[in-house]
Amino acid sequence: INAEYGGTPPPQLSGQMLDTFCYTSIKDRHPVTITKIIDQIFKLGVKDEKYSEDAKEVTAKLSRLKNRLQTDKELEELKGNGEDIEIWNQAIRELKPNTWFSAPWLFIECYMYRYLHQAFQSTATLTYPSFDVFREEKCQGLIDSLDNIREIASLLSQLVNPTPRDIEMFIKLSLWGNKTDLSLLKHFNLDLSDVQSASVDKDNDRILSNDLDKVIKHLTSLDGGKIDIVLDNSGYELFGDLCLAEVLLTSPHVSHVSLHMKSLPWFVSDVTEGDLQFMLDTLTGSSDECLSKLGCRWKERFSEGTLTATHHHFWTTHAGFSQMEKLCPDLHDSLKSSHLILCKGDLNYRKLVNDRVWPHDTPFSGALEGFKPAPLCALRTIKSDSIVGCGTGVVEGLIKGDREQMFCGTYALISSNL
C-alpha cells in the first residue's frame, strides 16, 4: 500500500459498476469487437479456400468466447507455450471472483485480446506474425492520415536546433495523436480526419492535469539522456511519437530513444513490429520528398542505434505496472537506466494507476502504488473511467455536463512523478 495515498487502495473498475464506461464497454463494445472479427474471418474463409478450415476453427472459438462473455461465465485458463502463459494462468487461478462482469475490467479486457491471439495461433494459416487480424485496418488508418502527416513532416524538416518551445509542441502533438484509437472511433462515430484536425488544437484547458512545464524543465536539464517511450496506437499516433523522438534526438538533451511495442496484435491498433516496419516503408517509398527523407533518416537512426524498438511480453499481460518488478524484473531493471519514461495512451495509464476507482483528486504519484523505476510521465487522452491528479470537482462537473465527451479523447492528461 502506497503511503502517499494513506490507506487501502480503492477497488478496480469492473462490470458490476453499472454507471461507468467500463460497464458499457463490457456489455456493448467488446461483443461488437469479437463479432467484427468473426465476420472478417468467416468472409476470408469463404473467399480463399486456403483459409477455410482454419477460419471455421477460429470463428467457432470466438463465438464461444463471445457467448461466455455475454453470459458472464468464468474465465478459462489459456493454452499454449508462450512465455506469458504461466503469468496469465496463475493470475486466473488466483482471481476471485473471475467472471466477465465481476472480475476487474483491466484483467478481462486484456484477457479477451490474449484469448483472440491464442485462437489464431492454434491454426496453420492464420498465425501471427504472418497474419495479423487488425493489419488491414491499421494500414488503412495510416494511409488515411497521410495528408496530416505531410503537414507535420514539413514542419519537422524546418527544425535544426529545437528549442524548449519546439519540444513542448511535439509533446502535445504526441499527446493529441493518442485520440486516434481505432477501437473507439466507430463506437463514438468519429471521423479520423476530424479527430486529427481537432488534435492540432492544443488548448491547455482541455488538459485536465498538466505537468508539461515540469517535463520540459526535466528534459532540458539532460545532457545526452536516454528516453523510453511505451507506445500505444499505430498509424498517425506512432508518426507523432517518432517525430517527438526525432526532435529529442536532434537536441543536445537526448542521445537515445527506446520505443516499446507490443509483441502481438493488441487492442486493435496498438503498435507491433510489423506496424512500425509498414510506417517506415510507407514513408521511404513516398513520392513526397519530405516524407521519404524522414523515413530514410529514421531507418538510419535504427541502424546506428540512437533509436531502438523492442517488445516484451509484460506489455500484453493483465498486470498493472506496480507488478512489473515482481513478474518481469528484467524489464523493470532495464527501465532503471531511463532518464524519462513516457507512457502513451489510455491502457498504459490504466495500468499505471491499476485501473482503480481513485478519487479524481488523488495525486498521480500516489496512485502509482510504488512504481518508479525512473522518472515518468503519462501522455493520455481520456477514454475510460480511471482519472487522477485533477482539481476537486473538475471531472465530476465535466461528466455531469456531457458524459460521452469524457471518454472519446476530448480531454487529456499530462501526469508525471517529477
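**A few points about the environment of leucine 62**
Turning to step 1, where the next piece is worked out: Relative to the assigned elements, leucine 62 resides in helix 2 (residues 52-70).
Turning to step 2, where the next piece is worked out: The spacing of leucine 62 and phenylalanine 120 is 58 residues in sequence and 9.9 Å in space, taken between C-alpha atoms.
Turning to step 3, where the next piece is worked out: Excluding residues that lie within four positions of it along the chain, leucine 62 makes contacts with Ile34, Ile37, Ile38, Leu116 and Ala119.

**Topic: the sheet that holds strand 2 (residues 225-230)**
Turning to step 1, where the next piece is worked out: Read across the open sheet, the 7 strands follow the order 1-7-6-5-2-3-4; overall the sheet is mixed. One side of each edge strand has no neighbouring strand; the edge strands of this open sheet are strand 1 (207-210) and strand 4 (307-311). Direction aside, the axes of adjacent strands within the sheet are offset by 15° on average.
Turning to step 2, where the next piece is worked out: Note that strand 3 (residues 254-261) and strand 4 share 5 bridges and pair parallel. Bridging across to strand 4, histidine 260 finds its partner in threonine 310.
Turning to step 3, where the next piece is worked out: Along the sheet face, helix 16 (residues 345-352) touches strand 2, strand 5 (340-344), strand 6 (376-381) and strand 7 (412-416) and points at about 130° away from the line of strand 6.

**Focus on the packing of helix 11 (residues 236-250) against helix 12 (residues 273-284)**
Turning to step 1, where the next piece is worked out: Contact pair helix 11 / helix 12: the axes reach a minimum separation of 11 Å and the direction vectors enclose 75°. One element, helix 11, and the other, helix 12, form an angle in the roughly perpendicular class. Residues Leu238, Phe239 and Leu242 of helix 11 lie in contact with helix 12, whose contacting residues are Asp275, Leu276, Met279 and Leu283.

About the thresholds
Residues numbered from 1 in each chain as written. Predicted model: local features only at pLDDT ≥ 70, side-chain atom pairs only at ≥ 80, totals over all residues. Heavy atoms only, no water. Helix = DSSP H or I, 4+ residues; strand = E, 2+ residues; numbered from the N terminus. Contact = heavy atoms within 4.5 Å. Pairing = 2+ DSSP bridges. Axes fitted to C-alpha atoms, helices over the stretch in contact; angles between N-to-C directions. Parallel < 35°, antiparallel > 145°, perpendicular 65-115°, else oblique.

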